[in-house]
Amino acid sequence: MGTTTYSVAVLPGDGIGREVMAAALVVLRAAQSRMGREFRLAEHPAGAQHYLDSGESLPETTLDACRAADAILFGAMGLPHVRKPDGTEIIPQLDIRFALDLYAGVRPIRSWRGLPSPLSHARGSDIDLVLVRESTEGLFYARGRGVVEADAAYDTMKITRAGTARVCDFAFELARQRKAQGRPGHVTNVDKANVFASMAFWRQVFEDRAKGFPEIGTTHAYVDAMALNLVMKPWEYDVLVTENMFGDILSDLIAALVGGMGMAPSADIGDRYALFQPAHGTAPDIAGKGIANPSAMILSVAMMLDWLSVRHGDAALADGARAIERALQGAFSDKAVLPRDFGGASGTDDVVRAVVERL
Ligand code: ATP
């Protein structure tokens, strides 16, 4: 029997996206022999530089390659000086969510031993939560549809029953999986139902869907209170689910709890396709210097392995994901590396070397 092969569409993009992607692929290649699996990696163009070169930021051929692959790895895209004629930035990461209907933005955050924490509380090392952000409607529905009048401008928030139901179900399923792994298995719904009709509607749909998951505990929270509680007691949360814009903001907040964007992986998941990318952007200020922290991209590769593992019933891939996480944790707790964004001197390659050694 031949080795099981998975095809991966690789979209490195711009700035440090290219650097952290190269780094993460070294780790994936090191892990594949350990897993006894093969990954066919094919790079495809997209991003701000590609827009300058070709007039297209996300070519149809790249989208087709994404649809044909088993999974998609995405670096980071966009450069501040590259704009479309109407002045807006090149943001293929938003376009691709809509094009492939990637409705669940999954943002896991956990504490890492050996890295300095911005929280002095003793329980700061117990953070282990996942934010699920609805990614295809909410306030982002207004993108490209905003109405500007002489003295006023309007952006419309769209909340549909189907769109809310599927992302709530996703959060409940995730909580179920986490419960099976020994975590609390609790979903906190984050909204602003006390003010907006759209958010009261969202809450009602959440409550309806919760009935299908009686073993999962639920809590409601207003987004403003949540911003406070996520700083005061983040260790009390397991799975959070929220609207697109609230999720956009809170996902940066939770990344800060564990030291910043360099440690924040993410996945954009739909019913058919899934894309994995670091939560950070292209960081033009540090691009080309070899100092970007590749951890978020490496952890996004681990998320991809977990997703493929469930989808294809291939346990070896989940083992590979755990091995990558353990290797990264080992590199930090052994004090082998301290990335620059944590005040250390380790460059991108240093982190990769330390992880590969431990794999
Ligand atoms: P976007 O709008 O696409 O999120 P941005 O420019 O607002 O992009 P990032 O590109 O995420 O934000 O970067 C913000 C800052 O955080 C960068 O200027 C950089 O200094 C730092 N940063 C982000 N990612 C990393 C990383 N992987 N390693 C080190 N520093 C990082």
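Scroll up to find the structure.
How each quantity is defined
Residues numbered from 1 in each chain as written. Predicted model: local features only at pLDDT ≥ 70, side-chain atom pairs only at ≥ 80, totals over all residues. Heavy atoms only, no water. 1 Å grid on protein atoms, 1.4 Å probe; cavity = no way out; pocket = protein on both sides within 12 Å on 5 of 7 lines; lining within 4 Å. Points joined across faces, edges and corners; volume = space filled by probe spheres on them. Helix = DSSP H or I, 4+ residues; strand = E, 2+ residues; numbered from the N terminus. Nonpolar A, V, L, I, M, F, W, Y, C, P; charged D, E, K, R; others polar. Domains from an automatic or database assignment. Buried < 20%, exposed > 50% of the residue type's maximum accessible area, 1.4 Å probe, protein only. Near = heavy atom within 4 Å. Polar contact = N/O pair within 3.5 Å; in protein donor to acceptor, adjacent residues only side chain to side chain. Areas by Shrake-Rupley, 256 points an atom, 1.4 Å probe, with all protein chains shown as cover. Axes fitted to C-alpha atoms, helices over the stretch in contact; angles between N-to-C directions. Parallel < 35°, antiparallel > 145°, perpendicular 65-115°, else oblique. Contact = heavy atoms within 4.5 Å. Pairing = 2+ DSSP bridges. Salt bridge = Lys/Arg side-chain N within 4 Å of Asp/Glu carboxyl O. Core = buried A, V, L, I, M, F, W, Y, C linked by side-chain atoms within 4.5 Å.

Trainee: It is not clear to me how empty space enclosed by the protein should be interpreted in this structure. Could you clarify?
Mentor: A probe matching the size of a water molecule, rolled over the atoms, marks out where space remains unfilled. For the structure on display, the rule yields one cavity of 30 Å³ or more. Its boundaries defined by the atoms lining it, the largest cavity holds a volume of some 40 Å³. Lining the largest cavity are Arg107, Pro108, Ile109, Ser251, Ile254, Ala255, Ala264, Pro265 and Ala279. Residue assignment for the lining of the largest cavity shows that the elements contributing at least two residues are strand S4 (104-110) and helix H8 (244-257). Here the residues of the lining of the largest cavity are counted per class, giving seven nonpolar, one polar and one charged. Each of domain 1 (1-105 + 263-359) and domain 2 (119-257) accounts for three or more of the residues forming the lining of the largest cavity.

Trainee: Whenever I open this one, helix H4 (residues 92-99) confuses me. Can you help?
Mentor: Since the α-helix advances by 3.6 residues per turn, residues separated by three or four positions end up pointing in the same direction. Of all the positions in H4, only Pro92, Gln93, Leu94, Ile96 and Arg97 are classed as buried. At the C-terminal side of H4, Asp101 shows a positive phi close to 55°.

Trainee: Got a minute to help me understand the site of the ligand in this structure?
Mentor: In the neighbourhood of the ligand, the contacting residues comprise Ile16, Gly262, His280, Gly281, Thr282, Ala283, Asp285, Ile286, Ala292, Asn293 and Asp341. Between the ligand and Gly281 there is a distance of 2.6 Å, counted from an oxygen atom to a backbone nitrogen or oxygen. Surface burial for the ligand is 59%, taken as the share of its 610 Å² of free accessible area covered by protein chains. Of the residues in the shell around the ligand, the class split is four nonpolar, five polar and two charged.

Trainee: For this particular structure, what's the right way to read the packing of helix H7 (residues 223-232) against H8?
Mentor: How two helices sit against one another is set out by the angle between their axes and by the gap between those axes. Between H7 and H8, whose axes approach to 10 Å, the crossing angle comes to 10°. As far as their axial angle goes, H8 and H7 are roughly parallel. Residues Val223, Met226, Ala227, Leu230 and Val231 of H7 form the contact with H8, whose participating residues are Phe246, Leu250, Leu253, Ile254 and Leu257. Class assignment of the residues belonging to the contact of H7 with H8 gives a composition of 10 nonpolar, no polar and no charged.

Trainee: Got a minute to help me understand the sheet that holds strand S11 (residues 265-269) in this structure?
Mentor: Strand pairs in the sheet, formed through backbone hydrogen bonds, run parallel or antiparallel to each other. Spatial ordering of the open sheet is given by S2-S1-S3-S12-S11-S4-S5-S10-S8-S9, a layout of 10 strands whose pairing is mixed. The sheet is open, and its two borders are formed by strand S2 (37-43) and strand S9 (217-222), each paired with just one other strand. Each neighbouring strand pair of the sheet contributes to a mean axis angle of 25°, computed without reference to strand direction. In this sheet, strand S3 (residues 71-76) lies alongside strand S1 (residues 4-13) in parallel orientation, the contact comprising five bridges.

Trainee: How should I be thinking about the pattern of salt bridges in this particular structure?
Mentor: A pair can form between side chains of opposite charge whenever their charged atoms are brought close. Enumeration according to the criterion identifies 25 salt bridges in this entry. A salt bridge links Arg183 to Asp128; the shortest N-O distance between them is 2.7 Å. Here Arg183, found in the loop between helix H5 (161-180) and strand S8 (186-191), pairs with Asp128, found in strand S5 (residues 128-134); they are 55 residues apart in sequence, far enough to count as distant. For Asp128, a relative accessible area of 28% puts it in the partly exposed group. Via salt bridges that share partners, Asp128, Arg178, Arg183 and Asp238 belong to a single interconnected network.

Trainee: Can you help me understand the nonpolar core in this one?
Mentor: Nonpolar side chains tend to gather and get buried jointly when the protein is soluble and globular. Residues Phe39, Val132 and Met304 are the most contacted members of the largest nonpolar core, which totals 89 residues. Looking at this core, you find at least three residues from each of domain 1 (1-105 + 263-359) and domain 2 (119-257). With near-sequence residues (within four places) excluded, Met304 lies in contact with Val8, Leu28, Phe39, Ala71, Leu73 and Phe276. Grouped together as the second largest cluster of nonpolar side chains are 15 residues, Leu11, Ile72, Tyr273 and Leu275 included.

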